[in-house]
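Coordinate inspection notes
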Amino acid sequence: MDGNQVLASALVKMATSPVKADRDAIARLERECQTDMIKITTALEELQIVAEATNTTTSQGKALKILAAGLFWSSVIGVAAMFIRPNYVWCGVSLGFIAGVAGRMEPFKN
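Basis of the calculations
- Residues numbered from 1 in each chain as written.
- Predicted model: local features only at pLDDT ≥ 70, side-chain atom pairs only at ≥ 80, totals over all residues.
- Heavy atoms only, no water.
- Helix = DSSP H or I, 4+ residues; strand = E, 2+ residues; numbered from the N terminus.
- Buried < 20%, exposed > 50% of the residue type's maximum accessible area, 1.4 Å probe, protein only.
- Areas by Shrake-Rupley, 256 points an atom, 1.4 Å probe, with all protein chains shown as cover.
- pLDDT = per-residue confidence, 0-100.
- Phe/Tyr/Trp six-rings, centres within 6.5 Å; stacked < 30°, edge-to-face > 60°.
- Expected span 1.5 Å × (residues − 1).
- Core = buried A, V, L, I, M, F, W, Y, C linked by side-chain atoms within 4.5 Å.
- Contact = heavy atoms within 4.5 Å.
- Arc of directions from axis to C-beta.
- Patch = residues over 30% accessible without salt bridge, like charges linked within 9 Å, V, L, I, M, F, W, Y side chains within 5 Å.
- Salt bridge = Lys/Arg side-chain N within 4 Å of Asp/Glu carboxyl O.

Points about the overall build of the protein chain
Each helix and strand counted, the protein chain has four helices and zero strands in total. Of the regular secondary structure in the protein chain, the N- to C-terminal order runs α-α-α-α. Buried residues in the protein chain amount to 17% of all 110 residues. Taken as a whole, the protein chain presents about 8,600 Å² of accessible surface, with 66% of it coming from carbon and sulfur.

Next up, the structure:
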């Protein structure tokens, strides 16, 4: 369980608890937020959905940046190879693509 799920379940347990201190804490929280506990837990769940959606779009954006870097460097080295060694243009394009992709890749993390 992640932090939002743990917090939501703890709030629900406190809201249904027979202990007076728990009920007082929930009442203070509801007064502070100016809403009831169900809306607070629903908002936490919605925030989790937004956070998950943001993480998936971020990983797609990284893949596009890596591809764009590879295409950029393949074109730069391909044009340079066209003027310096016209017979080796495709070799320069492929090496440029590999160098561009490798330059944008993050090192492996433990």
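Past the structure itself, the notes keep going.
Focus on the confidence of the model for the protein chain
The predicted coordinates of low-pLDDT regions are not to be read in fine detail. Per-residue confidence for the protein chain averages 78 on the pLDDT scale, and 80% of its residues sit at or above 70. Here helix α1 (residues 3-15) stands out as the least confident element of the protein chain, with mean pLDDT 69; helix α4 (residues 89-104) is the most confident, with 89.

Some remarks on the packing of aromatic side chains
The geometry of an aromatic ring pair is captured by the separation of the ring centres together with the interplanar angle, meaning the angle of the planes. Under the criterion given, the structure shown has one aromatic pair. The interplanar angle of 80° and the centroid separation of 5.1 Å between the aromatic rings of Phe-72 and Trp-73 together place this pair among those described as edge-to-face. Taking relative accessible area as the criterion, Phe-72 reaches 46% and is therefore assigned partly exposed.

Thoughts on helix α2 (residues 20-33)
For α2, which comprises 14 residues, the first-to-last C-alpha distance of 20 Å matches the rise-based estimate of 20 Å (1.5 Å per residue) to within 8%. Gln-34 sits one or two residues past α2 and shows a positive phi near 55°.

Here we look at the nonpolar core
Counting residues in hydrophobic clusters, the biggest one holds six residues: Ala-8, Leu-11, Ile-26, Met-37, Ile-40 and Leu-44. Secondary structure elements with two or more residues in this core: α1 and α3 (37-84). When neighbours within four sequence positions are excluded, Ile-40 is seen to be in contact with Leu-11, Leu-29, Cys-33 and Thr-35.

Remarks on α4
Taking 1.5 Å as the rise per residue, α4 with 16 residues should run 22 Å; its terminal C-alpha atoms sit 23 Å apart, in good agreement. Along α4, the residues classified as buried are Val-89, Gly-92, Gly-96, Gly-100 and Val-101. Across the axial projection of α4, the buried residues extend over an arc of 160°, all falling on one side. Along α4, exposed side chains directed more than 90 degrees from the buried face belong to Trp-90, Leu-95 and Ile-98.

Some points on a nonpolar patch on the surface
A cluster of nonpolar residues, Leu-64, Leu-67, Leu-71, Leu-95, Phe-97 and Ile-98, forms a patch on the protein surface that exposes about 580 Å² of accessible area. Counting residues per element, the ones that place at least two in the nonpolar patch are α3 and α4. By relative accessible area, which is 59% here, Leu-64 ends up exposed.

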